[in-house]
Amino acid sequence: MTRRIKMIVPVPVSSAALDAFASQIPSHMLDNDTQVVFDCAARGEGALGSLYEGAVADAFCLEAGAKAEDQGFDAVCINSMSDSGVAALRSRLTIPVVGTAQATYHVACQLGRHFSILSMWDRWNWLYDKVLREQGLDGRLASVRSINVRPDTAELLAGKEDAVFPALLEAAHLALKQDGADVLILGSTTMHDSHLFLSEQLDVPVLNPGLIGFKTCQMMLDLGVSQSKIYYQNPDRVMHDIFSGDRGP
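For the structure given in this document, a descriptive report is provided here. (Residues numbered from 1 in each chain as written. Predicted model: local features only at pLDDT ≥ 70, side-chain atom pairs only at ≥ 80, totals over all residues. Heavy atoms only, no water.)

**Describing the overall build of the protein**
Note the following rule: Numbering goes from the N terminus for both helices and strands, where a helix is a DSSP run of H or I of at least four residues and a strand is a run of E of at least two. Only protein chains enter the accessibility calculation, which uses a 1.4 Å probe. A residue is then buried if its area is under 20% of the maximum for its type, exposed if over 50%, and partly exposed in between. Contacts between residues were defined by any pair of non-hydrogen atoms, one from each residue, lying within 4.5 Å. Working definition of accessibility: Shrake-Rupley area with a 1.4 Å probe, residue cover restricted to the visible protein chains. Positive residues here are Lys and Arg, negative ones are Asp and Glu, while His and the chain termini are left out of the count. Just so you know, the charge point we use is NZ for Lys, CZ for Arg, CG for Asp and CD for Glu.
Secondary structure summary: the protein contains eight helices and eight strands in total. The dimensions of the protein, computed from C-alpha atoms along their principal axes, are 60 × 40 × 35 Å. Out of the 249 residues in the protein, the part that is buried amounts to 49%. A sequence separation of at least 24 residues applies to 75% of the contacts in the protein between residues at least 6 apart. For the protein, the accessible surface area stands at approximately 11,700 Å², while carbon and sulfur atoms represent 51% of it. Taken together, the 20 basic and 30 acidic charged side chains of the protein have centroids lying 5 Å from each other.

See below:
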């Protein structure tokens, strides 16, 4: 039986951008019985550069994933370091719901003592702070090193390699030499094109969050586990129409 995983990008992007996100999963990681479908939020702003945009992303990730179980999906993953809407989806669904940031930080903690995040943009710091505090892992963070280049959710890093890759490498060296990091994390799933370059240049683990989120879904399905309904309690009433604009009398 085919297992279907829904990967949700928390902001609206084009079909070409969804294809680019999907391309980061190498064929050898896909079992013959696993299908991965990339989707995105219907509305919102493309860069998640503020708490306001984050709240909008929470709502529309809930919309994008709330019917996943009814649609025959076996797991849902928020393909972003924002983990937008993860808690709400865990309450709504019984199938596994994976937060990419949570999964990545916990893997980093198994590989070293302190990790640094290599970020594109200073305005993403709020989303790192949010998830690290929620998980009680802020003490494991060595630093956030940003190259302060506004991200492009449509083109990702295409065409920017000559400028972005060396800047990320310099930030990585500073994190290792000055900040005490022994593991490095890409600060966004939009940065996956830089993973191979950095991994080849550095002698420490460099984690690609999108792949870790996907593999965590596979692991949960293999183990037959999902979120606890003691904590993530089912809603008393499902409100799918809340996003449609339809209102009763």
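**Considerations on the state of the cysteines**
Convention followed: By convention in this document, the label disulfide applies to cysteine sulfur atom pairs within 2.5 Å.
Enumeration according to the criterion identifies zero disulfides in this entry. Just so you know, C77 is unpaired, no disulfide at all, and the nearest cysteine sulfur is the one on C217, 4.5 Å from it.

**Re the packing of helix α4 (residues 100-111) against helix α8 (residues 209-223)**
Put simply, the rule reads: Think of each axis as a best-fit line through the C-alpha atoms, taken over the contacting stretch in the case of a helix, with angles from 0 to 180 degrees between the N-to-C directions. Note on angle classes: values under 35 degrees are labelled roughly parallel, values over 145 roughly antiparallel, values of 65 to 115 roughly perpendicular, and the remainder oblique. Note that Gly is not counted as nonpolar here; it falls among the polar residues with everything else outside the nonpolar set of Ala, Val, Leu, Ile, Met, Phe, Trp, Tyr, Cys and Pro and the charged set of Asp, Glu, Lys and Arg.
In the contact formed by α4 and α8, the axes pass within 8 Å of each other and the chain directions differ by 95 degrees. The angle between the axes of α4 and α8 places the two elements in the roughly perpendicular class. Contacts between α4 and α8 involve T100, A103, T104 and V107 from the former and P209, G210, I212, G213 and T216 from the latter. A per-class count over the contact of α4 with α8 returns four nonpolar, five polar and no charged.

**Points about the side chain of S82**
Note the threshold: Polar contacts here mean pairs of N or O atoms no more than 3.5 Å apart (in protein, one a potential hydrogen donor and the other a potential acceptor; neighbouring residues in sequence count only if both atoms are side-chain atoms).
Relative to the elements of secondary structure, S82 occurs in the loop between β3 (75-78) and α3 (86-92). A relative accessible area of 1% places S82 in the buried class. Side chain to side chain, S82 and S80 meet in a polar contact 2.8 Å long. Apart from residues no more than four positions distant in its own chain, S82 is found in contact with P10, L48, L127, K130 and V131.

**A short note on the sheet that holds strand β5 (residues 115-119)**
Rules: Pairing between strands requires that DSSP locate at least two bridges from one strand to the other.
An order of β6-β5-β7-β8 is seen for the four strands of this open sheet, with the pairing classed as parallel. Looking at the sheet topology across the chains shown, the edges are occupied by β6 (141-146) and β8 (206-207). Bridge count between strand β7 (residues 183-186) and β8: two bridges; the pairing is parallel. The residue of β8 that forms the bridge with L184 is V206. Sheet strands touched by α4: β5, β7 and β8. Its angle to β7, the strand with the most contacts, is close to 165 degrees.

**Regarding the packing of α4 against helix α5 (residues 125-135)**
Between two packed helices, what matters for the description is the angle formed by their axes and the separation of those axes. What counts here: Rotating anticlockwise by less than a right angle from the far helix to the near helix defines a left-handed crossing, while the corresponding clockwise rotation defines a right-handed one.
At their nearest, the axes of α4 and α5 sit 10 Å apart, and the two run at 65 degrees to each other. Judged by the sense of rotation from one axis to the other, the crossing of α4 with α5 is right-handed. Facing α4, whose interface residues are A101, Q102, Y105 and H106, α5 presents Y128, V131, L132 and Q135. For the contact of α4 with α5, the residue count by class is five nonpolar, three polar and no charged.

**So, unusual backbone geometry**
Glycine aside, a negative phi is what most residues show, and trans is what most peptide bonds show. Positive phi is not limited to glycine here, since L48 has a value of about 55 degrees. Of note, the phi angle at D83 is positive, near 50 degrees, even though the residue is not glycine. One can find D83 in the loop between β3 and α3.

**With respect to the pattern of salt bridges**
The cut-off we apply is this: In what follows, salt bridge is the name for a side-chain nitrogen of Lys or Arg lying within 4 Å of a carboxyl oxygen of Asp or Glu.
Inspection of the entire model under this criterion finds four salt bridges. R92 is the partner of D70 in a salt bridge, and the nearest nitrogen-oxygen pair spans 3.7 Å. Residue D70 is found in the loop between α2 (51-65) and β3, and its partner R92 is found in helix α3; the two are separated by 22 residues along the sequence. By relative accessible area, which is 62% here, D70 ends up exposed. The exposure class of R92 is buried, given its relative accessible area of 19%. One salt bridge in this structure joins R145 and D179, with 2.8 Å as the shortest N-O distance. Taken together, the residues span a long stretch of sequence, with R145 in strand β6 and D179 in the loop between α6 (161-177) and β7 at a distance of 34 residues. Residue classification places D179 among the partly exposed positions, given a relative accessible area of 23%.

**Notes on the nonpolar core**
Counted only if it meets this: To define a nonpolar core, start from buried Ala, Val, Leu, Ile, Met, Phe, Trp, Tyr and Cys residues and group those joined through side-chain atoms within 4.5 Å.
The biggest cluster of nonpolar side chains holds 58 residues, and the ones touching the most others in it are Y105, F115, W124, Y128, L184, I185 and L198. Of all the elements, α6 adds the most residues to this core, at seven residues. In this structure, C61, A64, V86 and I95 belong to the second largest nonpolar core, which totals twelve residues.

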